[in-house]
Structure formats: C-alpha cells, structure tokens
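Okay, here's what each chain looks like letter by letter:
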Amino acid sequence: MKKVAIVTLDGFNEMDSMIAFTMLNRLNNLGLVAEIVSTHSNVISMNGLCIQANPKLERLEEYDGVIFGSGKLSNQYAENSTFISSFQLDPERQYISAQCSGVLLLVAKGIIGSDVSISTDLKTESLAGATGLSFSSSSFSSTGNIATAGGCLAAEYLASWMALNLLDINATRKMLALSIPKDEMEIRIDHTLNKIRGI
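Before going into details, it helps to say that this report is about the structure given with it.

Conventions we followed
Residues numbered from 1 in each chain as written. Predicted model: local features only at pLDDT ≥ 70, side-chain atom pairs only at ≥ 80, totals over all residues. Heavy atoms only, no water. Pairing = 2+ DSSP bridges. Helix = DSSP H or I, 4+ residues; strand = E, 2+ residues; numbered from the N terminus. Salt bridge = Lys/Arg side-chain N within 4 Å of Asp/Glu carboxyl O. Buried < 20%, exposed > 50% of the residue type's maximum accessible area, 1.4 Å probe, protein only. Contact = heavy atoms within 4.5 Å. 1 Å grid on protein atoms, 1.4 Å probe; cavity = no way out; pocket = protein on both sides within 12 Å on 5 of 7 lines; lining within 4 Å. Points joined across faces, edges and corners; volume = space filled by probe spheres on them. Nonpolar A, V, L, I, M, F, W, Y, C, P; charged D, E, K, R; others polar. Phe/Tyr/Trp six-rings, centres within 6.5 Å; stacked < 30°, edge-to-face > 60°. Lys NZ or Arg CZ within 6 Å of the ring centre and 35° of its normal.

It is worth spelling out the pairing of strand β9 (residues 140–143) at this point. Pairing of β9 with strand β10 (residues 146–149) involves four bridges; the strand directions are antiparallel. Within β10, the position partnered with phenylalanine 140 by the bridge is alanine 149. Counted between consecutive antiparallel strands, the loop separating β9 from β10 contains two residues, among which glycine 144 sits at a positive phi close to 60 degrees.

The structure is reproduced here in structure tokens:
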C-alpha cells in the first residue's frame, strides 16, 4: 500500500488538505491511502474547523508521498527552525509537493532552491520574492520528484500528480472521474493530465 501524508498544520486552508485527502482516498482499493498528518491530534483550520490528524510529523520519511498544504501560519512555521528540523524528507525516494504557502516550508527545509520554478499564490510569491527564487506563472509546476501548485482548487493537480507517480494513469483517470462534474469529465480529465505531465 502506497501512503501519502498531507501535512496539515494549525491555521490550515481547508480546501488544500481536504480536497487532496478526499480525492486520493478514492484509490484505497487500488493500493493508495492518504493521511492527514500534523504535530498533534487535533488541528484547527483558518476558519475554525477542528479535525483529527495523525501526530506523525517526525515520521514523514516513512511515506511514499508528502503534500504540504497551506495556511495562515505557514510563514511562522517556516521561520521556526525547531519545527523545520523536527521532520525529515528524502527527495530521492519520496514524491514531495506543496500548495500555496506550503512552499515556504519546502524552501525552509532546503527542498526547493533557486533552480526550481515554483507555482504558488500571489501572496506567498510576495513573501518569498526577496529570496531569489524563481516563480512560475502556471498553477502547477514539477521538477523530478518535487511539485508545487498555486490556488486552492489546484489541490486537484497535486492529488493527480501523486496518483500518477505512485500508481498509474488508469488510477489517476479513475480518481478524477469520481471527482469531476459529469458534464465536464472528459475535458477536465484531459486538461488535468496534460497539466501535470507538462503537455
């Protein structure tokens, strides 16, 4: 069973974490499971939603894939060296991704550098603009085992990228077919697959 950790911290954006969580768990019967992972068991969102999480942040290296969602406190977490050093990632073995302000955590961890083009939202781009990083105008970018996305609904791209890399294109199509409005299915599935494959 392939396992994906969706890192979800206090102040999290509900759409980032829950869209990816819901989409990826449609693939349980094909060998993939997604878990909400945090520093503690109860996590409160930017709008006051409290959810249960697996307090396994220090064990992130055990997952096949990791998605860092965004949140209103991402910058504070990124500037907290104790927090950043509390988990390990292996970009040679794991598929690692981040959405919107979640990219700040990958920058702080040294996973993303100036050689990677980052997709994120405009607010995060302005926060990280002085670092010399390169930003993409696209809502999704990937280089090797690293992917980034900008905009809440771009969670669809990260979930699809994970499914494609950890399973296959047929599983990804199935996941999308179970998630997309039926009268948009064919167009949206092709669009998403083309986006995450850089076509």
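Next comes the rest of the account.
What follows covers the pattern of salt bridges. One pass over the structure, following the stated rule, counts seven salt bridges. We note a salt bridge from glutamate 35 to lysine 3, for which the minimum N-O separation is 4.0 Å. Of this pair, glutamate 35 sits in strand β2 (residues 32–37) while lysine 3 sits in strand β1 (residues 2–7), and the two are 32 residues apart along the sequence. By relative accessible area, glutamate 35 is classed as buried at 15%. The shortest N-O distance in the salt bridge between arginine 188 and glutamate 156 comes to 2.9 Å. Here glutamate 156 lies in helix α6 (residues 155–166) and arginine 188 lies in helix α8 (residues 185–196), a separation of 32 residues in the sequence.

Attention now goes to the environment of methionine 23. Relative to the elements of secondary structure, methionine 23 occurs in helix α1 (residues 14–24). For methionine 23, a relative accessible area of 6% corresponds to the buried category. Taking the C-alpha atoms as reference points, methionine 23 and alanine 34, separated by 11 residues in sequence, lie 9.0 Å from one another. Here methionine 23 is in contact with Glu156, Ala159, Ser160, Met175, Leu176 and Ser179, once residues within four sequence places are set aside.

Moving on, we get to α1. Within α1, the full set of buried residues consists of Glu14, Asp16, Ser17, Ala20, Met23 and Leu24. Those residues of α1 hidden inside the fold are in contact with β1, β2, β5 (65–68), β6 (95–99), α6 and α7 (169–177).

Our next topic: the layout of surface pockets. By volume, the largest pocket is sized at about 230 Å³. Lining the largest pocket are 15 residues, and of these Gly71, Lys72, Ser101, Lys123 and Thr124 sit closest to its centre. Breaking the lining of the largest pocket down by element, the ones donating at least two residues are α2 (74–78) and α5 (122–128). The element contributing the most residues to the lining of the largest pocket is α5, with three residues. Here the residues of the lining of the largest pocket sort into five nonpolar, seven polar and three charged.

Turning to the packing of aromatic side chains, a few remarks are in order. Enumeration according to the criterion identifies five aromatic pairs in this entry. Ring geometry for tyrosine 77 and phenylalanine 83: centres 4.9 Å apart, planes at 55 degrees, overall tilted. Take tyrosine 77 and phenylalanine 83: they sit in the same class, and that class is buried. Ring geometry for tyrosine 95 against tryptophan 161: centres 5.7 Å apart, planes inclined by 85 degrees, an arrangement best described as edge-to-face. One end of the pair, tyrosine 95, is in strand β6; the other, tryptophan 161, is in helix α6, and 66 residues separate them in sequence. One exposure class covers both tyrosine 95 and tryptophan 161, and it is buried. Following the ring pairs from residue to residue traces out a cluster consisting of Phe68, Tyr77, Phe83 and Phe87. Over the ring of tyrosine 63 we find lysine 3; its NZ or CZ atom is 5.1 Å from the centre of that ring. Lying over the aromatic face of phenylalanine 87, lysine 109 brings its terminal NZ or CZ to 4.7 Å of the ring centre.

None of the figures reported here should be taken as evidence of function without further support.
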